[in-house]
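# Coordinates in review
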Amino acid sequence: MTRWNLSVSEETDRIVRTFLARNGGKKDDLSRFVDEAVRRRVQDLTVEQVKDRNAAYDQQAILDLLDDEVAAGRAGRS
């Protein structure tokens, strides 16, 4: 486990701690909340990057290629 020292606005701190307290907050809930939020944000940014990178490609061609590969994979397992 790694420790982070973070600075957030007082408003953000109040909002998060109030939310956690209203939902039965326990020890380490703030750490879990931040960990989950960071993971989701990284995933969202990664998806955006992939979409931007693939925007120039014909989307139907990509879907057709995926369908062909899935069909080939399934045929190989039979």
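Residues numbered from 1 in each chain as written. Predicted model: local features only at pLDDT ≥ 70, side-chain atom pairs only at ≥ 80, totals over all residues. Heavy atoms only, no water.

## With respect to the overall build of the protein chain
Helix and strand counts for the protein chain come out as three helices and zero strands. Listing each helix as α and each strand as β along the protein chain from the N terminus yields α-α-α. A compact globule built from 78 residues should have a C-alpha radius of gyration of about 12 Å, whereas the protein chain, at 21 Å, is more than 25% larger. Buried residues in the protein chain amount to 4% of all 78 residues. The protein chain carries 14 positive and 15 negative side-chain charges, and their two centres are separated by 10 Å. (Helix = DSSP H or I, 4+ residues; strand = E, 2+ residues; numbered from the N terminus. Rg over C-alpha atoms; globule rule 2.2 N^0.38 Å. Buried < 20%, exposed > 50% of the residue type's maximum accessible area, 1.4 Å probe, protein only. Lys, Arg positive; Asp, Glu negative; His and termini not counted. Charge placed at Lys NZ, Arg CZ, Asp CG, Glu CD.)

## Some remarks on the packing of helix 1 (residues 10–22) against helix 2 (residues 29–54)
Remark: helix 1 packs on helix 2, axes separated minimally by 10 Å, with the N-to-C direction vectors making an angle of 115°. One element, helix 1, and the other, helix 2, form an angle in the roughly perpendicular class. In the crossing of helix 1 with helix 2, the sense of the turn from one axis to the other is right-handed. Counting all contacts with helix 1, which are made through Val16, Arg17, Phe19 and Leu20, the residues of helix 2 involved are Asp29, Leu30 and Phe33. (Axes fitted to C-alpha atoms, helices over the stretch in contact; angles between N-to-C directions. Parallel < 35°, antiparallel > 145°, perpendicular 65-115°, else oblique. Left-handed = near helix turned anticlockwise from the far one by under 90°. Contact = heavy atoms within 4.5 Å.)

## Some points on helix 1
With 13 residues, helix 1 extends 18 Å from end C-alpha to end C-alpha; this agrees with the ideal 18 Å at 1.5 Å per step. In the stretch just after helix 1, Gly24 is the one whose phi turns positive, near 70°. (Expected span 1.5 Å × (residues − 1).)

## So, unusual backbone geometry
The residue Asp28 is not glycine, and still its phi comes out positive at about 75°. Assignment of secondary structure puts Asp28 in the loop between helix 1 and helix 2. The class for Asp28 is partly exposed, based on a relative accessible area of 46%.

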